[in-house]
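# Observations on the three-dimensional arrangement
The primary structure of each chain is shown beneath.
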Amino acid sequence: TRSTRPQRLLKVVQKHATRGDPQSVISAIDHFCRRSEWAMNIGDEKGSILDSVVSELNPEKVLELGTYCGYSTVRIARLLPPGARLITLEFNADYAAIARQVIAWVGLEDKVQLVESASEDWIPRMTEHFGIETFDFVFLDHWKDRYLPDTKLMEGCGLLRKGTVLLADNVICPGVPDYLEYVRNSLSYKSCYFKSHLEYSKAEDGLEKKSVFLG
Ligand SMILES: C[C@H](C[C@H]1O[C@@H](n2cnc3c(N)ncnc32)[C@H](O)[C@@H]1O)NC(=O)c1cc(-c2ccc(F)cc2)cc(O)c1O
Ligand SMILES: [Mg+2]
């Protein structure tokens, strides 16, 4: 049977990227997605905004919701200081299998823990299983109708502290209206919008960054 798109993405990485070199993996995937097959990675344009948010924050404990093939996992993990940890949740077994191999290819396994599970099942288990009290940075890139309920779930589990930064992909395309409404109107968050474009496309998209106040 025909291979899947994530399998073809992995082949591109193994063929064109250098082991242990995150930038070569990022470039190989972006080149393939721009020239051959679109895929739902955050991409190079929005990826640069993600890089700047992570570099400025220098987080120790990071949560990513929606791993897909691990492109943004690699973008984030390559910037983390020694000892920092990134936990990424992906509920599709096929995507998780590909992401594990991409993460292994760049040699970032010691910083990244991929959990094959739905976010809502694992957010309540972060403290007892990983010993994580609060996260410094959360990247939301999973089903767009899960951003708001999972943000409320993280609040409820006490995983967000004063100053925790949440960054959400796709706030315009496909769009997360209920989440935007909530973060822009809630008094316990200060938020800003980074206008950009949908990955490998001219369509408008953007990232919403919010710092938690917990008023
Ligand atoms: C949702 C996906 C990303 C991944 O998230 C995992 N996932 C889901 N829900 C959960 C959960 N509850 N827990 C754990 N993992 C979870 C899934 O299996 C995918 O691998 N992302 C997108 O659908 C996505 C789509 C577009 C897009 C834009 C314009 C178009 F015309 C078509 C598509 C762009 C993007 O930038 C995306 O990010
Ligand atoms: Mg996305």
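The present account deals with the structure reproduced in this document. (Residues numbered from 1 in each chain as written. Chains lettered and ligands numbered in written order. Predicted model: local features only at pLDDT ≥ 70, side-chain atom pairs only at ≥ 80, totals over all residues. Heavy atoms only, no water.)

Counted as a void, the largest pocket has a volume near 490 Å³. Lining the largest pocket are 32 residues, with Met40, Gly66, Asp141, His142 and Trp143 sitting closest to its centre. When contributions to the lining of the largest pocket are tallied by element, the ones reaching two or more residues are helix H4 (71-77), helix H6 (119-122) and helix H9 (171-175). Broken down by class, the residue content of the lining of the largest pocket amounts to 15 nonpolar, 10 polar and 7 charged. (1 Å grid on protein atoms, 1.4 Å probe; cavity = no way out; pocket = protein on both sides within 12 Å on 5 of 7 lines; lining within 4 Å. Points joined across faces, edges and corners; volume = space filled by probe spheres on them. Helix = DSSP H or I, 4+ residues; strand = E, 2+ residues; numbered from the N terminus. Nonpolar A, V, L, I, M, F, W, Y, C, P; charged D, E, K, R; others polar.)

Our focus in this paragraph is the site of ligand 1. Close to ligand 1 lie 23 residues; Glu90, Ser119, Asp141, Asn170 and Glu199 are nearest. Between ligand 1 and the protein, one listed contact pairs a nitrogen atom with a backbone N or O atom of Trp143 at 3.4 Å. Using a 2 Å cut-off from the grid points, one finds that ligand 1 occupies the largest pocket. Class assignment of the residues belonging to the shell around ligand 1 gives a composition of 11 nonpolar, 6 polar and 6 charged. (Near = heavy atom within 4 Å. Polar contact = N/O pair within 3.5 Å; in protein donor to acceptor, adjacent residues only side chain to side chain. Sits in = over half its atoms within 2 Å of the grid points.)

Below, the discussion takes up the sheet that holds strand E6 (residues 189-197). Taken in spatial order, the 7 strands line up as E3-E2-E1-E4-E5-E7-E6 in an open sheet, and their pairing is mixed. Looking at which strands have only one partner, the edges of the open sheet turn out to be strand E3 (112-115) and E6. Ignoring which end each strand starts from, the neighbouring axes of this sheet average 15° apart. As defined by bridge partners, strand E2 (residues 85-89) adjoins E3 across 4 bridges and the pair is classed as parallel. When the bridges of E3 are listed, Thr88 appears paired with Leu114. (Pairing = 2+ DSSP bridges. Axes fitted to C-alpha atoms, helices over the stretch in contact; angles between N-to-C directions.)

Pairing of side chains with opposite charge becomes possible as their charged atoms draw close. Per the counting criterion, the structure on display carries 15 salt bridges. Across the pair Arg75 and Asp51 runs a salt bridge whose closest N-O atoms are separated by 2.7 Å. Highlighted residues: Arg75 in helix H4 and Asp51 in helix H3 (residues 43-57), separated in sequence by 24 residues. The pair Arg75 / Asp51 is uniform in exposure class, with both members buried. With a shortest N-O distance of 2.8 Å, Arg161 and Asp136 are connected by a salt bridge. With a gap of 25 residues between them, Arg161 in strand E5 (residues 160-168) and Asp136 in strand E4 (residues 135-140) connect regions that are remote in the sequence. Because the salt bridges share partners, they merge into one network encompassing Lys46, Asp169, Glu199 and Asp205. (Salt bridge = Lys/Arg side-chain N within 4 Å of Asp/Glu carboxyl O. Buried < 20%, exposed > 50% of the residue type's maximum accessible area, 1.4 Å probe, protein only.)

Applying the stated criterion to the full structure yields 4 aromatic pairs. Here Tyr68 and Tyr95 contribute two aromatic rings whose centre-to-centre distance is 5.0 Å and whose plane-to-plane angle is 85°, an arrangement assigned as edge-to-face. Taken together, the positions of Tyr68 in the loop between strand E1 (61-65) and H4 and Tyr95 in helix H5 (residues 93-105) put the pair 27 residues apart, joining distant regions of the chain. Consider the rings of Tyr147 and Tyr179, whose centres lie 5.6 Å apart with planes at 90°: the pair is edge-to-face. One end of the pair, Tyr147, is in helix H8 (residues 147-156); the other, Tyr179, is in helix H10 (residues 177-185), with 32 residues separating them in the sequence. In this structure Tyr147 comes out as buried when scored by relative accessible area, which is 0%. The aromatic ring of Trp122 is capped on one face by Arg125, whose charged end is 4.4 Å from the ring centroid. (Phe/Tyr/Trp six-rings, centres within 6.5 Å; stacked < 30°, edge-to-face > 60°. Lys NZ or Arg CZ within 6 Å of the ring centre and 35° of its normal.)

On to the packing of helix H1 (residues 5-16) against H5. At a minimum axis separation of 10 Å, H1 and H5 run at an interaxial angle of 10°. The pairing of H1 with H5 is recorded here as roughly parallel in orientation. Within the contact between the two elements, H1 uses Pro6, Gln7, Leu10, Val13 and Gln14 and H5 uses Tyr95, Ile98, Gln101, Val102 and Trp105. The class makeup of the residues in the contact of H1 with H5 is 7 nonpolar, 3 polar and no charged. (Parallel < 35°, antiparallel > 145°, perpendicular 65-115°, else oblique. Contact = heavy atoms within 4.5 Å.)

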